[in-house]
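As a plain string of letters, each chain reads:
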Number of protein chains: 2
Amino acid sequence: MYRGGYAGKILRIDLTDKSVKEEKVTEALARQYLGGAGFAIKYLYDELKPGTSALDPANRLIFAVGPLTATGVACSSRMAVAAKSPLTGAMGMALAGGHFPAELKMAGYDMLIIQGRAEKPTYISIKDGEVKFRSAEKLMGMMTTDTQLFIKEELGDHNFRIACIGPAGERVVPMACIVNERRAAGRKGLGAVMGSKNLKAIAVRGHHRPAIADAEAFRKARQAMNKAMKDSPVLYPAFAKSGTPMVVDATSEMGILSIRNWSATGEIDMVGGLGDAAQAKAIVNRQHCHDCPVGCSQVKLVTSGPYAGYLSEGPEFETTYSLGSQVGVDYLPAVIVGDRLCDEYGIDSISAGVAIGFAMELYEKGIITRKDTDGLELKFGNHQAMIEMLRRIAYREGLGDLLGQGTRKAAAKIGQGSADFAMQIKGLELPAYDVRGAKAHGLNYATSYTGADHNRGYAFQEIFDIPIPEKVDRNAIKGKGRLTKWNQDVRAVTCDCATMCAFLLDMAVPAVACQNTADLVNAATGLDLTDKEVEKIGERLNNVARLFNIGEGFTRKDDSFPKRLMTEAIKAGASKGQLISQADLDAMLDEYYAERGWDRTGTPTPARLKALGIKSR
Amino acid sequence: MYRGGYAGKILRIDLTDKSVKEEKVTEALARQYLGGAGFAIKYLYDELKPGTSALDPANRLIFAVGPLTATGVACSSRMAVAAKSPLTGAMGMALAGGHFPAELKMAGYDMLIIQGRAEKPTYISIKDGEVKFRSAEKLMGMMTTDTQLFIKEELGDHNFRIACIGPAGERVVPMACIVNERRAAGRKGLGAVMGSKNLKAIAVRGHHRPAIADAEAFRKARQAMNKAMKDSPVLYPAFAKSGTPMVVDATSEMGILSIRNWSATGEIDMVGGLGDAAQAKAIVNRQHCHDCPVGCSQVKLVTSGPYAGYLSEGPEFETTYSLGSQVGVDYLPAVIVGDRLCDEYGIDSISAGVAIGFAMELYEKGIITRKDTDGLELKFGNHQAMIEMLRRIAYREGLGDLLGQGTRKAAAKIGQGSADFAMQIKGLELPAYDVRGAKAHGLNYATSYTGADHNRGYAFQEIFDIPIPEKVDRNAIKGKGRLTKWNQDVRAVTCDCATMCAFLLDMAVPAVACQNTADLVNAATGLDLTDKEVEKIGERLNNVARLFNIGEGFTRKDDSFPKRLMTEAIKAGASKGQLISQADLDAMLDEYYAERGWDRTGTPTPARLKALGIKSR
């Protein structure tokens, strides 16, 4: 019964010997891990020996969709892409939407496990269960849009959907991403893992929507969710029109939009150049992921000036920060160019922008000089330099090669105290929210198994003042451990396992996220999960991922912040005076670990593991 | 019977009142004009009142394929695009290959006639005879690759084939082109006509190959042609590998590769940077037009340096000249960038490059200064300046706006003797071959109804030393009138009407081009044309086009050359000392007119028109 909403099959592809094997999604797996990141992380934990290099052929690169993907449920064409991360050394997992996830499911698979390394550049086509290995020699070096076009032409069907790497992934740049259409599994360097396997692309085409176990219950559950979406005061009225950049104005007003490598948060008003009004002016079109009625993806175009003609599906809020405020640029056309180039080169726009901001601060402080930048005037606000550095990161040229390793490694090589300016946690560069003024955001950054990652436990309560599950003071320390566990677990299961869009969770069903997921999943698959069991799946995932990271040597000391956040208070604006001291962090961590049933070193206790049904390795 | 190889239908679209009308391809029309440019030019001559502005809604923009298109005959997915040209004021006709032509035929049409002007930005979709007008508001400003992608996404089928304009066509730049996939109907400003009609794109999708009248005869005719192609010493061994740039080395050796606005032909060796070896190194992939077994289109990619990541389906030989030798640039990556940008902006790479070379010469001579260029150091060889000028042409900025009008108008506005450096005939910029050392090429440039256009009567005899129809001395004057008439008529019918690829004619069937066309067309359509009748169709087309131009005020004085070609001899190399004096030109014109049965003013005599069955307006 449980197989309704699942394609029911896992495809294991070994690139070394070009073997292909189909495995089954068992009911036990589905009950315990649901799908998406749950499946992927469980398999990575079981199959990858601790200490294996992320670039070793043994590393798995896993693409996994959820039980609702391609069933017609709104916002469900999402996938988890996972591997050990070459950027952090921890569990690497990133989500992507678009059309590829639904197409993969319709082609017959819940999960692709890719292992080994192809001898020569290769791409894989999957059409309704038919898998072929194809030469990618003629695609090497191509940017991602061209790559997708040439593959479609070669396959004789432009309706294939393609996930691929660009020049950066080919060069195994540790912050390379994987791009499908104009969406990306952006962070944690998964593109480098794909590149290390000599895999340029995966093309999928399918015609089979999964069966539904209980059509009437499914209809009702969808109806309820669609009503919640319609009733949301934010989803259609604001979010569908502005997309994620709608929070540029809000975070700026709250004094938590990070500026100039986090040195000037609250001090410079960038709303004029980067805010909602400026972004709205640049919008020319809107894109929808498969089965999505919202269409939050705003297409922006530069229509005059030196960058005229550049178009981007974005920039999203995070890129507005990373290639905008973070590098001191408030010229939106340059952010649009940078965003497009990140997609074309196949690099993570957040890590790349933060790495460039880091280098700009070092340059302005004289820690690196014009000699190190090969003549580039790498000052905050120099958008030409930002754009050129993106190219150098992608092609591993000069300082770009170093920055592409991430700020943690770059700082270690540069020395001279530069680590103080490396805005990263566990090797992953910080997202936009200046967490000195949003403590649950901070605790989530510090404890996420992927490093400083807003997507693992976004504290919407602090940004939108929503009292769910309880009223929150963004600058309070107490209660943030409990809140962060809840945010992380609910998000892990609804977004990462069920692969529903995060914006649905935040804006339409925050109070009933697990029940909504249970209703839909049960009706689609024939499972009979309660909302509590659903939440527990999220908790299970966070524990397995933690065990994976412990195996890689991560401990409590890695659940921390860059020095700046703990020693320099925000100097101006609505969050003036805020910081997170070591004592604050310790208090939050203690509460968080206790809530999680982890000991004071951050290790899950045997009791909690047993309660969750996890067998540790 | 004759309808076999035709879709049999003409689609007339009036954008002003959004009306759609189907008309028939009559047997009389097919016998007299065959298809493609024949149909298009006949309709333009009949329907367009002399003196109508090219940008008037009354101008027709016509897309016409041939009777062999989509029948499976090799090299037949070609189309003629025609309108009165905003660049020259004469008949504007350009050819394009790719997949669009075959798809248009399979969607049900031999010809689209587009007239009127849409009130708002519009695109048209045609799917198996179903025509829809759609809003293009959300596509405005997009470059051509993005335009095509967004339309495919909006139509929910990426297998649509799309012809569109870029930012330049939207801005009615007189050298704007029409792009389908990565091919273009490049010259004569047809993209501006499309822009003037507020028409951003045409999307076609079809599933019906045309019927074949006599399958056995068709099989035999195809077999014969395929054998000729296989036996060609050039087509597969060289051309399929190198494409058109294979003549960079050859023309350079002959001293007729034009350099630096034709001021330095033979003086600078650019083969190292732009020649066959350099081009071969950049090739990563190859593209085929629909039904084409050759695949001459070489895809080139920049893999390192400041332009890394840029990819172009080309540059073809002509663009290697216009954005390379003509502007003194022998850095192939810059030519690749320029080529791609011309396709993306939607501007003709030949006219744009020649216009930039013209401006560079004026700048070096001090006729224009840094003030006129808004600070750009517009010297020969400055590839950054060349690339920036392409953008300014597309967006009509400063000097770019002037150059985008073409060198004839630009020179008229600049004055100060600059007209001497405007390398144009009838307002169309000169292609690559320095005709001072290739006189039949020269006479063809001078007399082509579209202006200086290598495609109207390419004298392959002069380049490849092929004695068909007779042995030719490229520097002789005598005999060039007869040869040019033959080249123009054969090419007009086989390439422009039957819409077979020119390279097939030049490299596989030059001696039997008309017989080959007759055999294929008769078998496909049920017509019973002899080779002489086929040739006569070509002659008929050239006469009707001449009548059209006479109606627009063109006379013998317009069958001429820029002053430089008649007064400055080539200074070095294998064609040193060569020029075409006024006396040479007069002698060639007299012979040519006599061969054509035109009087000494270049006007077709009533007797010749009667013999060709042409009723003048």
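Rules and cut-offs
Residues numbered from 1 in each chain as written. Chains lettered and ligands numbered in written order. Predicted model: local features only at pLDDT ≥ 70, side-chain atom pairs only at ≥ 80, totals over all residues. Heavy atoms only, no water. Buried < 20%, exposed > 50% of the residue type's maximum accessible area, 1.4 Å probe, protein only. Helix = DSSP H or I, 4+ residues; strand = E, 2+ residues; numbered from the N terminus. Pairing = 2+ DSSP bridges. Salt bridge = Lys/Arg side-chain N within 4 Å of Asp/Glu carboxyl O. Domains from an automatic or database assignment. Contact = heavy atoms within 4.5 Å. Buried area = accessible area lost by both parts, 1.4 Å probe. Phe/Tyr/Trp six-rings, centres within 6.5 Å; stacked < 30°, edge-to-face > 60°. Lys NZ or Arg CZ within 6 Å of the ring centre and 35° of its normal.

Enquirer: Whenever I open this one, the pairing of strand β1 (residues 9-14) of chain B confuses me. Can you help?
Expert: The side chains of a regular strand alternate, residue by residue, between the two faces of the sheet. Residue and element names in this part refer to chain B. In terms of residue burial, β1 counts as a mostly covered element, since five of its six residues are buried. Linkage of β1 to strand β2 (residues 19-24), two consecutive antiparallel strands, is achieved through a turn of four residues, within which lysine 18 is found at a positive phi near 50 degrees. Where β1 lies against strand β6 (residues 111-115), five bridges are found, and the strand directions are parallel. In the strand pairing of β6, aspartate 14 is matched with glutamine 115.

Enquirer: In this structure, what is going on with the pattern of salt bridges? I would like to understand it.
Expert: Opposite charge on two side chains allows them to pair when their charged atoms are near. Counted under the stated rule, the structure contains 108 salt bridges over all chains. Here Asp590(A) and Arg600(A) are joined by a salt bridge, their closest N and O atoms 3.3 Å apart. Of the two residues, Asp590(A) sits in helix α25 (residues 582-596) while Arg600(A) sits in the loop between α25 and α26 (606-612), which places them 10 residues apart along the sequence. Judged by relative accessible area, Arg600(A) falls into the exposed class, the value being 59%. Between Glu539(B) and Lys485(B) there is a salt bridge, and its shortest N-O distance comes to 3.6 Å. Highlighted residues: Glu539(B) in helix α23 (residues 531-551) and Lys485(B) in helix α20 (residues 480-497), separated in sequence by 54 residues. The class for Glu539(B) is buried, based on a relative accessible area of 9%. For Lys485(B), a relative accessible area of 12% gives the class buried. A single network of salt bridges, built from pairs that share partners, joins Arg12(A), Lys21(A), Glu23(A), Glu47(A) and Arg60(A).

Enquirer: Please explain the domain arrangement of chain A as it appears in this structure.
Expert: Buried accessible area, meaning the area lost when the parts come together, often serves as the stated size of an interface. Residue and element names in this part refer to chain A. The domain boundaries assigned to chain A delineate domain 1 (9-205), domain 2 (252-423) and domain 3 (435-612). Listed as interface residues are 39 residues of domain 1 and, on the opposing side, 34 residues of domain 3. Carbon and sulfur atoms make up 68% of the surface buried where domain 1 meets domain 3, a total of about 2,900 Å² over both sides. Interface area lost by domain 1 to domain 3 is led by Arg31, Leu34 and Leu68, which between them contribute 21%.

Enquirer: Would you take a moment to explain unusual backbone geometry for this structure?
Expert: Negative phi values dominate among residues other than glycine, just as trans dominates among peptide bonds. Residue and element names in this part refer to chain B. Cis geometry marks the peptide bond from glycine 314 to proline 315; its omega dihedral reads 5 degrees. Topologically, proline 315 is positioned in the loop between β15 (311-313) and α12 (317-322). Cis geometry marks the peptide bond from isoleucine 468 to proline 469; its omega dihedral reads 0 degrees. Within the element layout of this structure, proline 469 appears in the loop between α19 (460-464) and α20. For asparagine 198, which is not glycine, the phi torsion reads 60 degrees and is therefore positive. Looking at the element boundaries, asparagine 198 is found in the loop between α6 (190-196) and β12 (199-205).

Enquirer: Sorry, what's going on with the environment of Ile202(B) here?
Expert: All names here are of chain B. Of note, isoleucine 202 is situated in strand β12. When its relative accessible area of 1% is taken as the criterion, isoleucine 202 is described as buried. In sequence terms isoleucine 202 and isoleucine 212 are 10 residues apart; their C-alpha atoms lie 27 Å from each other. Leaving out residues up to four positions away in the same chain, isoleucine 202 has contacts with Phe63, Phe100, Leu112, Ile114, Ile124, Ile126, Arg161, Ile162, Ala163 and Met194.

Enquirer: Would you take a moment to explain the packing of aromatic side chains for this structure?
Expert: Geometrically, a pair of aromatic rings is defined through the distance of the ring centres and the angle of the planes. With the rule as written, the count across this model stands at 21 aromatic pairs over all chains. Taking 6.5 Å as the distance between ring centres and 85 degrees as the angle between the ring planes, the aromatic pair formed by Trp262(A) and Tyr321(A) counts as edge-to-face. Residue Trp262(A) is found in the loop between α9 (246-253) and α10 (271-274), and its partner Tyr321(A) is found in helix α12 (residues 317-322); the two are separated by 59 residues along the sequence. Residues Trp262(A) and Tyr321(A) agree in their burial class; the two are buried. Aromatic pair Tyr593(A) and Trp598(A): ring centres 6.1 Å apart, planes at 40 degrees, arrangement tilted. Residue classification places Trp598(A) among the buried positions, given a relative accessible area of 6%. Aromatic rings pair up to connect Phe317(A), Tyr433(A) and Tyr458(A) into one cluster. Here the basic side chain of Arg182(A) rests over the ring of Phe150(B), its NZ or CZ set 4.3 Å away from the ring centre.

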